[in-house]
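# Observations on the three-dimensional arrangement
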Amino acid sequence: MSEALWAFGRVSGAMSLLFFTASVVLGIITRSGRPLPGLPRFSISLIHRNIAILASVFLVLHVVTLILDPFAHLRIIDTFVPFLGSFKPFWQGLGTVAFDLILAIVITSLFRRWLGARLFTAVHWFTYAMWPIAVVHSIGNGTNGTNKWFLLFVVICGVSVVSASIWRVSGRFLEVAEARAGRAR
Amino acid sequence: MTATGSGTVPNPTSAPEGPVRLFAAGADAGYSAHRETYGHLEIVKGGPGLRAELERSGLEGRGGAGFSTARKIDAARQSVSDRMFPASAVVIANGAEGEPRSIKDSTLLRHSPHLVIDGLLATAALVGASRMYLYSSPESLGALRSALAERRDTRRITLVQAKETFISGEASAVVNAIENGIALPTDRTVRLTTSGLRARPTLVHNVETLAHVALIARFGGDWFRSEGVGGDAGTRLVTVSGAGQRERVLEVPGDARISDILEAAGVSTSVVSAVLVGGYHGTWIPADDLSVVLSKAALAPYGGRPGAGVLFLLARDECGLQVTASITRYLAEESAGQCGPCLYGLDALATLMERIASGRGDHGLRREAERLGLSLIGRGSCHHPDGTAGLVQSALSAFASDVEAHLTGRCRRTARV
Amino acid sequence: MSAAKKSTSVLHIDWTKCDGRGLCAELVPDLLGRDQWGYPIALKGSPSARSDIPLPSQRMDAATDAVRLCPVLALKIVRAS
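Residues numbered from 1 in each chain as written. Chains lettered and ligands numbered in written order. Predicted model: local features only at pLDDT ≥ 70, side-chain atom pairs only at ≥ 80, totals over all residues. Heavy atoms only, no water.

## Examining the interface of chain C and chain A
Accessible area lost during the coming together of the parts is what is often quoted as the interface size. Note the following rule: We call two residues in contact whenever any of their non-hydrogen atoms come within 4.5 Å of each other. The term buried area means the drop in 1.4 Å probe accessible area that two parts suffer when joined, counted for both and summed. Here, a salt bridge means any side-chain nitrogen of Lys or Arg that lies within 4 Å of a carboxyl oxygen of Asp or Glu. Counting of polar contacts relies on pairs of N or O atoms within 3.5 Å, with two restrictions inside protein: one atom must be capable of donating a hydrogen and the other of accepting it, and residues adjacent in sequence are counted only when both atoms are side-chain atoms. Strands here mean DSSP runs of E at least two residues long; helices mean DSSP runs of H or I at least four residues long; both are numbered from the N terminus.
Contact residues are listed per partner, giving 23 residues for chain C and 18 residues for chain A. Buried surface at the junction of chain C and chain A, both sides included, amounts to about 1700 Å², of which 47% is carbon and sulfur. Of all residues in chain C, R21, E26 and L73 of chain C bury the most surface against chain A, accounting for 36% of the area lost on that side. One salt bridge in this structure joins E175 of chain A and R34 of chain C, with 3.2 Å as the shortest N-O distance. At the junction of chain C and chain A, the tally comes to 11 residue pairs in polar contact (both at pLDDT 80 or more). Elements with a minimum of two residues in the side of chain C that touches chain A: α1 (23–27) and α2 (60–69) of chain C.

## Topic: the interface of chain B and chain A
Contacts between chain B and chain A engage nine residues on the former and four residues on the latter. Where chain B meets chain A, there are zero salt bridges. Viewed at the interface, chain A and chain B are joined by zero residue pairs in polar contact (both at pLDDT 80 or more). No other element matches the four residues that helix α12 (residues 340–358) of chain B contributes to the side of chain B that touches chain A.

## Topic: the confidence of the model for chain B
This is how it is decided: Confidence scores per residue from the predictor, reported as pLDDT, run from 0 to 100.
In this model, chain B carries an average pLDDT of 91, and 94% of its residues clear a pLDDT of 70 or more. In this model residues 1–7 of chain B is a low-confidence stretch, pLDDT under 50, and it forms 15 contacts with partners more than four residues away in sequence or in other chains.

## Re a nonpolar patch on the surface
Residues and elements named next belong to chain A. Put simply, the rule is: Within this analysis, patches are made of residues with over 30% relative accessible area and no salt bridge. Like charges are joined at 9 Å or less; nonpolar side chains (Val, Leu, Ile, Met, Phe, Trp, Tyr) at 5 Å or less. Here the open area of atoms and residues is found with the Shrake-Rupley method and a 1.4 Å probe, where only the protein chains shown may cover a residue. For each residue, the accessible area found with a 1.4 Å probe, counting protein chains only, is set against the maximum for its type, and the residue is called buried under 20%, exposed over 50%, and partly exposed in between.
Together, I76, I77, F80, V81, L84, L103, I107, L110, F111, W114, L115 and L119 make up a nonpolar patch on the protein surface, roughly 1200 Å² of accessible area in all. Of all elements in the fold, only α3 (76–80), α4 (89–110) and α5 (112–115) reach the threshold of two or more residues within the nonpolar patch. Along the chain, the position of W114 falls in helix α5. W114 gets classed as exposed once you look at its relative accessible area, which sits at 69%.

## Details of the pattern of salt bridges
Following the criterion strictly, the structure yields 28 salt bridges over all chains and no others. The salt bridge partner of D105 of chain B is K104 of chain B, with a shortest N-O separation of 2.9 Å. No difference in accessibility class separates D105 of chain B from K104 of chain B, as the two residues are buried. D347 of chain B is the salt-bridge partner of R329 of chain B, the closest N and O atoms lying 2.8 Å from each other. Of this pair, R329 of chain B sits in helix α11 (residues 320–333) while D347 of chain B sits in helix α12; the two residues are 18 residues apart in sequence, bridging distant segments of the chain. What emerges from the salt-bridge pattern is a single network uniting R41 and E175 of chain A together with E26 and R34 of chain C.

Here it is as structure tokens:
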């Protein structure tokens, strides 16, 4: 039984990383204001949101299975307060930091109508810190973190997010960049 | 709401005769000269008297929009009585005067501050307001401060300095400036009279409007109507400027013709080729039509209105398109940048006008300016894009033959600005 | 205008928030287009109703989606009393 928990804990962690990667890339596409072939803007926005929710579900499963798993030595306090763990406290702590950031991002997203766009946007920026922290946690803490196949998976995710981010800061990123050039808002 | 007596106590002093009403107490009138001229105004709370006299007077706002003063006050009173949790109203005297070609409000505040204060107190009593604000441009602050200090009934009036921007006098910007120190218009889904300053029912009245209220409170609506006609009863302040003329403020009857006003200002209509009426959001009236009355009804066929009482003259040797292009550029620069269509649209509109005025381009430019102008109307949190589009539209029709000449590469005016 | 056809709700655009992202124009394409800078523009009705666009009752659901999905929360449905 605990063998199964251990396996599921690791797989769910990797799945969570995969879906968060996809969500980050879709979020950047959403911000550009551009539709994709066959996908209108509102669909991209919805897929971005739904994949982020899926990633969060896998993240919760990842954390819960490892709390239930006696070998992982993970206490409930370790899911919220970083660097207190008994096993690889630094690498595990990074996971805790990422988990806390996601918690904040998800809550401000779900309640953005009441919290206002400003707070929502400000907290959403933390995604750019959360994602690399989560990646480093997966390599440092994961049982297979330094296996070739896992590193290949991380490289593919990394290339996607980094290239999307470079596009994000480029001058022609926004759909309306050209039309609005010359007048700052 | 219960009526507790008449709004005002009858006044022994005789009412001013003729069109000089607001400045009857003379230059830089202090409180004693003010009372000698107009008599003391006894303010009685919440009475039906003043409300009825305002209705009878037909007074309309003198800040630009020209909305019925009685209707606006009714809306605030309605909001006060409709509320589940009581909140007293707020009255704001608006003397920001962002219009670059208008000095009538600052002139009024300098020479007749006590009429404005009387009007503010009387309006506040009418709606049961507990707080009053005097919002004014920096140049009038000194005169207002000493006027407030001269009398004892002004303790609940707070003086607030306005920013010197074009839109600082827009009603929601006034409320935003007083509440948050930010003189920018705000998005609204309810009227200020329903929920304005700190969510209270809020009346924002132009200072000239309040000065008229002070006189109507004393001498009644029928007296007010003894000048002017119909919907444009009473007198109004106008600022005449441009074409090398010194800026002048005049008080004119509501049925005065533009040509008569210019004559009274000492301007010969022969040197004028057109007049911009209302302000920078106003309407060009060509020289041939200057016999039109400066009233809402008479200007309606031109798409214009008296607005803030601005009469900006275009000299015979000036190019109306050039002047309009530079005004449009100014208005584009004065966009607060809060609303996209205004930020980008006015900039593009100014560029189009500059190209038409400079004589480069083709007939497509004119159509494009008309199309763009129309597309901006109604798409902002205030009427800045609407007013600017209106100015451009009016220039394109009033100077239609000039547009034609420019598009074929010639300006018909001898001297270009 | 007949009383039955008169709509009771409007889609209000807060221009101070609107960034012209274009989702609303996809969700209610019969009511909203986009200008050259991407900002929404009402396709019907008078220019004075361009910040408060009358909502036919059969477009209520689509307009509600537009309100929920606007990335900058610039839309709301205001029920006229």
